[in-house]
Amino acid sequence: MFYQISTEGSGFERRNQIADAHNFEAFALELLSFHVKNQNKPFELGRTGRSDFDAFASDGFDEFNCPVIVECMLAISRQRYRAAIERALRFIDERRSKGELLGRLVVLFVVEQQELKETVLGIHAEQAKNREVETKIWTWSQLEHLAQLYPERSNEILDNLLPLRVRNVVNNLDADWRSGRQSRVSELWDRFHTGQFSLFLGAGVSSSAGMPDWNTLLNALFVTYLANGASSVDEQETLRLVKRMNIVDGHSALVAARYLRKGIGGNSADSGAFKVAIREALYRLRRQDQPMDSDLIKTLVKLCMPRRSGALVRSVVTYNFDDLFERQLDTKTIPFRCVFSENAVVDADELPVYHVHGFIPERADLYHGVEDATLVFAEEGYHHIYTDAYHWSNLVQLNALRDSTCLMVGLSMTDPNLRRLLEIAKRGVTERRHYAFMKRTDIRGFAFDRDSDGEETQVLPDLDAAGKFLNERHALTEVLMDELGVTIIWYQDYNEIPTILRQMGFPNQPGL
């Protein structure tokens, strides 16, 4: 997109600042708000409880002599059009049920692209036959007219897009975030059923089946290291000392892993002794009270099952070392191929499962060549793949991010290499194509500490301030993930994820 504002006596250009859908939305809403309020008429931004729309002008503006609902998007679509009309009709019914008279209502779509205009407007006849709801579509030309009408304000908005976006997201999150999640899951359902879909799996998936987290694994390896050195300290006391050192020292887990790899495996990055130590610690520490085929793993595998029209999930990228996902694929007789090196050949009817950080199955004899595979465990391994643009694991991830819709489960989204690849994949793409499950911090977990007996102590006295801080933090997280082309699907309880996935993959079979 090319955008230009001219001011009297000078001129300047702003390129690509609002090519992103959310930058476009923030710019359009703020400019429209300024325009409507300039006419001394109310204009509510965000989903603040009055309506479930981007904005609401209760007294209209310009030629609209009736209430106007505003929906902003970079490009209109049939689905979003239908959803907006349905919400508008519900809005009329709700207002009338409260005794508020409401006649005609206009839904104004402000879009940059208009390819589907005629098709979309044709839907109106079946949804609003009584003409209680009328629709108008503003394209770039009308918005550009406002920008030229208010050049100074337009430039101020462009200079403050990030805080404006955060504010708009805060307004939306202040409403029912679970309700907003439902619309995101619906969008994900549409993308899943296109058949161009990949899963990105992180440590949270393995943790659901009782596998140890990163710090627990490092602690166990530290015990192995000390045992090799004939330490005089017993194992339980060593674990306590290591945990305390992690709290006091607080250095990077990757750096700690480097120390351990050197201590246990020597100088070779692919030391067999080090892999043996990881394998023993990894599977020995798995919690036996949790099923190996967790509800989350079973649900993810079920999404990978071929349908009559073919497989919907084209690939799986996993950052985990273990083989729990493969075991469940095998149980369901889904043909797959574990890929842990650049030499792997995947048949057309096989689901590739890419272990981009290495693969350490419990039984190495079941996978030919696995002992020779590179393990990205410590700092130097990350440095290697980060600096090698053509490393097979980078190419695999980048191809999936460019060619598919990717759903990220069990990832913290803080890995610098993944974020770098997301940024590369988003170049030239205006829409968000990827989705990530992320945990929301709730106010009790944030403002209270819990001791070993379960007793809670309030550590933040001002709960209102803490709540506002959390909302702004969640909003900023959304905006920053938007810039990487990722839509967040929030959850509070990890057990919510399988339920959402079943809804996405099998919406008419709630019992699955």
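Residues numbered from 1 in each chain as written. Predicted model: local features only at pLDDT ≥ 70, side-chain atom pairs only at ≥ 80, totals over all residues. Heavy atoms only, no water.

> What's the story with the side chain of H355 in this structure? I'm lost.
Counting through the fold element by element, H355 comes out in strand β11 (residues 351-355). A relative accessible area of 1% places H355 in the buried class. Of the polar contacts made by the side chain of H355, one reaches the side chain of E326; its length is 2.5 Å. Discounting residues that sit within four places of it in the chain, H355 has contacts with T318, N320, F321, D322, E326, C338, V339, F340 and W392. (Helix = DSSP H or I, 4+ residues; strand = E, 2+ residues; numbered from the N terminus. Buried < 20%, exposed > 50% of the residue type's maximum accessible area, 1.4 Å probe, protein only. Polar contact = N/O pair within 3.5 Å; in protein donor to acceptor, adjacent residues only side chain to side chain. Contact = heavy atoms within 4.5 Å.)

> For this particular structure, what's the right way to read the pairing of strand β9 (residues 313-318)?
Walk down a regular strand and you will see the side chains alternate between the two sheet faces. Judged by how many residues are buried, β9 sits mostly within the fold: 5 of 6 residues are covered. Note that β9 and β11 share 3 bridges and pair parallel. Paired with T318 across the strands is H355, a residue of β11. (Pairing = 2+ DSSP bridges.)

> Before we go on, may I ask you to explain empty space enclosed by the protein in this structure?
Where empty space is left in the structure can be found by rolling a water-sized probe over the atoms. As enumerated under the stated definition, the model contains 3 cavities of 30 Å³ or more in all. Approximately 60 Å³ is the volume found for the largest cavity. Together, L201, V205, S206, I297, T318, N320, D322, L324, F325, E326 and H355 line the largest cavity. If you list the elements that add at least two residues to the lining of the largest cavity, you get α8 (203-207) and α14 (324-331). If you tally residues by element for the lining of the largest cavity, the top one is α14, at 3 residues. Taken together, the residues that form the lining of the largest cavity break down as 5 nonpolar, 4 polar and 2 charged. (1 Å grid on protein atoms, 1.4 Å probe; cavity = no way out; pocket = protein on both sides within 12 Å on 5 of 7 lines; lining within 4 Å. Points joined across faces, edges and corners; volume = space filled by probe spheres on them. Nonpolar A, V, L, I, M, F, W, Y, C, P; charged D, E, K, R; others polar.)

> Looking at this model, I keep getting lost on the packing of helix α1 (residues 21-37) against helix α4 (residues 140-149). Mind explaining?
Helix-helix packing is described using two parameters, namely the angle between the two axes and the distance between the axes. Packing of α1 against α4 leaves a shortest axis separation of 10 Å and a crossing angle of 55°. Here α1 is positioned oblique relative to α4, judged by the angle of their axes. Along this stretch, α1 crosses α4, giving a crossing that reads as left-handed. Residues F24, F27, A28, L31, L32 and H35 of α1 form the contact with α4, whose participating residues are W140, L143, L146, A147 and L149. Partitioning the contact of α1 with α4 into residue classes produces 10 nonpolar, 1 polar and no charged. (Axes fitted to C-alpha atoms, helices over the stretch in contact; angles between N-to-C directions. Parallel < 35°, antiparallel > 145°, perpendicular 65-115°, else oblique. Left-handed = near helix turned anticlockwise from the far one by under 90°.)

> Please explain the packing of helix α16 (residues 392-403) against helix α17 (residues 416-425) as it appears in this structure.
For the pair α16 and α17, interaxial distance at closest approach is 9 Å and the crossing angle is 45°. Between α16 and α17, the interaxial angle falls into the category oblique. Note on packing geometry: the crossing formed by α16 with α17 is right-handed. When α16 is examined against α17, the residues N394, Q397, L398, L401 and R402 are found in contact with a partner set consisting of N417, L418, R420, L421, L422, I424 and A425.

> Sorry if this is basic, but what is going on with the side chain of R433 here?
Within the secondary structure layout, R433 lies in the loop between α17 and β13 (434-439). For R433, a relative accessible area of 16% gives the class buried. Of note is the side chain of R433, whose polar atom sits 3.0 Å from the backbone oxygen of L401. Ignoring anything within four residues of it in the chain, the contact list for R433 reads R191, L401, R402, T405, C406, A425 and G485.

> It is not clear to me how helix α12 (residues 272-284) should be interpreted in this structure. Could you clarify?
The periodicity of an α-helix, 3.6 residues per turn, causes residues three or four positions apart to be oriented the same way. Given a rise of 1.5 Å per residue, 13 residues ought to cover 18 Å, and the 18 Å separating the end C-alpha atoms of α12 matches this to within 8%. All of the buried residues along α12 are F274, K275, A277, I278, R279, A281, L282 and Y283. (Expected span 1.5 Å × (residues − 1).)

> Even after reading the chapter, I still don't get the packing of aromatic side chains, so can you show me in this structure?
How two aromatic rings sit relative to each other is given by the distance of their centres and the angle of their planes. Enumeration according to the criterion identifies 11 aromatic pairs in this entry. Geometrically, the ring pair formed by F56 and F91 is edge-to-face, given 5.2 Å between the ring centres and 80° between the ring planes. Pair noted here: F56 is in strand β4 (residues 55-57) and F91 is in helix α2 (residues 78-97), with a separation of 35 residues, a long-range link. Given the relative accessible area of 2%, F56 is considered buried. In this structure F91 comes out as buried when scored by relative accessible area, which is 4%. One aromatic cluster in this structure is built from F53, F56 and F91. We note R440 situated over the ring of W490; from NZ or CZ to the ring centre the distance is 5.3 Å. (Phe/Tyr/Trp six-rings, centres within 6.5 Å; stacked < 30°, edge-to-face > 60°. Lys NZ or Arg CZ within 6 Å of the ring centre and 35° of its normal.)

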